[in-house]
Amino acid sequence: MAQRLIIHVDLDYFYAQCEENANPSIRAKPVVVCVYSGRTLDSGVVSTSNYEARKYGVKAGIAILTAKKQLASTDAIFLPMNRPLYHSISERIMTILREYCDLFERTSIDEAYLDVSENSTGSYETAETIGRSIKKAILRQEQITCSIGIAPNKLLAKLASDHMKPNGMTIVTAEQIHRFLNNQEVNRIPGVGKKVEEKLHNCNVKTIDELSRLNPIVLQEMFGRKLGTFLYLAARGEDDEPVHEKEIPTQISRIGTLKENTRDIDSILPVLSELAKSLVEKLQDEQMNCKSVSIIAILSNLAIHTRSRTLESSAKDLRTIDENAQQLLREFIESTPQSTLRRVGVKVTGLSRPSGQTKIQSFFSAEVAR
Ligand code: DCP
Ligand code: CA
Ligand code: CA
């Protein structure tokens, strides 16, 4: 069997890069994407920023007000989050990525693991060529840069993609693991948060190298069996987590309780729309379409009723799902003159994930072989 080879892709300053592409004139300026809380004009936190803004210490999680102070001397651009834009770009990029591997696992809006063991035939050289092709394809089709890590497992691939940002590519072969990990800080290991870091610092462990010198028994005593073992192996660059193809769920639903029991359509519709919105976010996150929309009505006597309809074609947009849910609710209320609703819900079924099924790696391997 060919040795395992995993590619981890992480898109660079993702939300801010999407904004730059939507409006190229802001590209040279510091760009800050904000989550406004709405309490006062500037209250809220930074979602992300481009690398120009990062030069001023502006990064995810800091207060918008702090960012404004730090960028006061610049012509920085502050923008509200535009989730639907980032979702649709992410979705198109994930579709590109799926074509380059045997197994695919998306782990967030801007990250994915690709198991390329087979289509690279275990060769780092071929994996590197695949990495370069991925970068080229994403740049050509979406004008987005990414950072790539290539390694024998997910843990190292993730650390490698983080190693050189933005627009980097880092390869860690089995022989290079020790040198690669040596001087990195323990908090680089995914899963090592503030608490674990603090405990390790208390025993003078700051680097992964220092971590690797701790006895496994001591680690298990400090962190429990599971985390202790994970840390012991991680310090050695060992990880055998497979790249999981996420299974397609059969349905997604959202249910909410009404302020008071009612059959007044105007007071139920806003609740239903909010639920539809949250459901559509999940649907888009999962890159799925649905074929049917249902509403769930839980009456004041706790009886549960549902009404469903099949869509003309699969959809995942808010308008289609919201309009169909509203229509179903109207029909339900009209057809049940005695009913008073206590809770209401929306559900989608017939889920499918479009595209990504056509694999081009066979063509690709042929091209590499030539
Ligand atoms: N994000 C957010 N709030 C956070 C962290 C991230 O809203 N605290 C969002 C915005 C990011 C996206 O998730 O663009 C991806 O997160 P990353 O941690 O990968 O950060 P970036 O892609 O922005 O930057 P980098 O180039 O460092 O990967
Ligand atoms: Ca990123
Ligand atoms: Ca990320």
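Structural notes, computed from the coordinates.

Parameters at a glance
Residues numbered from 1 in each chain as written. Chains lettered and ligands numbered in written order. Predicted model: local features only at pLDDT ≥ 70, side-chain atom pairs only at ≥ 80, totals over all residues. Heavy atoms only, no water. Helix = DSSP H or I, 4+ residues; strand = E, 2+ residues; numbered from the N terminus. Core = buried A, V, L, I, M, F, W, Y, C linked by side-chain atoms within 4.5 Å. Buried < 20%, exposed > 50% of the residue type's maximum accessible area, 1.4 Å probe, protein only. Contact = heavy atoms within 4.5 Å. Axes fitted to C-alpha atoms, helices over the stretch in contact; angles between N-to-C directions. Parallel < 35°, antiparallel > 145°, perpendicular 65-115°, else oblique. Nonpolar A, V, L, I, M, F, W, Y, C, P; charged D, E, K, R; others polar. Donors = N, O, S within 2.8 Å, 3.2 Å for Na, K, Ca; no water. Near = heavy atom within 4 Å. Polar contact = N/O pair within 3.5 Å; in protein donor to acceptor, adjacent residues only side chain to side chain. Areas by Shrake-Rupley, 256 points an atom, 1.4 Å probe, with all protein chains shown as cover. Disulfide = S-S within 2.5 Å. Pairing = 2+ DSSP bridges.

1. Digging into unusual backbone geometry
Next, step 1: For the bond running from Lys165 to Pro166, omega is -5 degrees, close enough to zero to count as cis.
Next, step 2: By secondary structure assignment, the location of Pro166 is in the loop between α6 (154-163) and β8 (169-171).
Next, step 3: Phi at Thr121 is positive, roughly 45 degrees, even though this residue is not glycine.
Next, step 4: In this structure, Thr121 sits in the loop between β6 (111-115) and α5 (124-142).

2. Observations concerning the nonpolar core
Next, step 1: Counting 37 residues, the largest nonpolar core has Ile7, Val9, Phe14, Leu97, Leu114 and Ile134 as its most contacted members.
Next, step 2: Put simply, the parts of the chain that give this core at least two residues each are β1 (6-11), α1 (14-22), β2 (31-36), α4 (83-98), β6, α5 and β7 (146-151).
Next, step 3: Once residues within four sequence positions are removed from consideration, Leu97 is found in contact with Val9, Phe104, Ala112, Leu114, Ile134 and Ile138.
Next, step 4: Leu258, Leu279, Met288 and Ile321 belong to the second-largest nonpolar core, a separate cluster that totals 28 residues.

3. A few points about the packing of α1 against α4
Next, step 1: α4 packs onto α1 with a crossing angle of 95 degrees between their chain directions and a minimal axis gap of 10 Å. In this view, α1 runs roughly perpendicular relative to α4, as classed from their interaxial angle. Counting all contacts with α1, which are made through Phe14, Tyr15, Cys18, Glu19 and Ala22, the residues of α4 involved are Arg83, Leu85, Tyr86, Ile89 and Ser90.
Next, step 2: Of the residues belonging to the contact of α1 with α4, the class tally is 7 nonpolar, 1 polar and 2 charged.

4. Re the coordination of the calcium ion (ligand 2)
Six octahedral donors around a metal ideally make angles of 90 or 180 degrees; four tetrahedral donors ideally make 109.5 degrees.
Next, step 1: Listed as protein donors to the calcium ion (ligand 2) are Asp10 (OD), Leu11 (O) and Asp110 (OD); their distances from the metal cover 2.1 to 2.3 Å.
Next, step 2: Sequence positions of the donors to the calcium ion (ligand 2) reduce to the motif D-L-x98-D.
Next, step 3: Here the calcium ion (ligand 3) and the calcium ion (ligand 2) are spaced 3.5 Å from one another, each receiving a donor from Asp10. For the residue pair Asp10 and Leu11, the accessibility class agrees, reading buried in each case.

5. Notes on the site of ligand 1
Next, step 1: Close to ligand 1 lie 13 residues; Tyr13, Ser47, Thr48, Tyr51 and Arg54 are nearest.
Next, step 2: Here Asp10 contributes a side-chain N or O atom positioned 3.1 Å from an oxygen atom of ligand 1.
Next, step 3: At a separation of 2.5 Å, an oxygen atom of ligand 1 approaches a polar side-chain atom of Thr48.
Next, step 4: Against a free-state accessible area of 560 Å², the protein chains account for coverage of 67% of ligand 1.
Next, step 5: Put simply, the parts of the chain that give the shell around ligand 1 at least two residues each are β1, α1, β3 (44-49) and α2 (51-54).
Next, step 6: The residue inventory of the shell around ligand 1, partitioned by class, reads 6 nonpolar, 2 polar and 5 charged.

6. Some thoughts on the state of the cysteines
Next, step 1: Within this structure, the stated rule accounts for 0 disulfides.
Next, step 2: The thiol of Cys146 is not disulfide-bonded; the next cysteine sulfur, from Cys18, is found 13 Å away.
Next, step 3: The exposure class assigned to Cys146 is buried, which follows from its relative accessible area of 1%.

7. Considerations on the sheet that holds strand β11 (residues 304-315)
Next, step 1: On the basis of which strands lie adjacent, the open sheet formed by 4 strands has the order β9-β12-β10-β11 and antiparallel pairing. Edge strands, defined here as strands with exactly one partner in the open sheet, are β9 (251-262) and β11. Here the strands of the sheet are splayed against their neighbours by 15 degrees on average, with no regard to which way each runs.
Next, step 2: Here β9 runs beside strand β12 (residues 341-349); their pairing, made up of 8 bridges, is antiparallel. Across the sheet, Ser253 pairs through a bridge with Lys347, a residue of β12.
Next, step 3: Of the strands in this sheet, β10 (290-299), β11 and β12 touch helix α12 (residues 318-335), which is tilted by about 145 degrees from β11.

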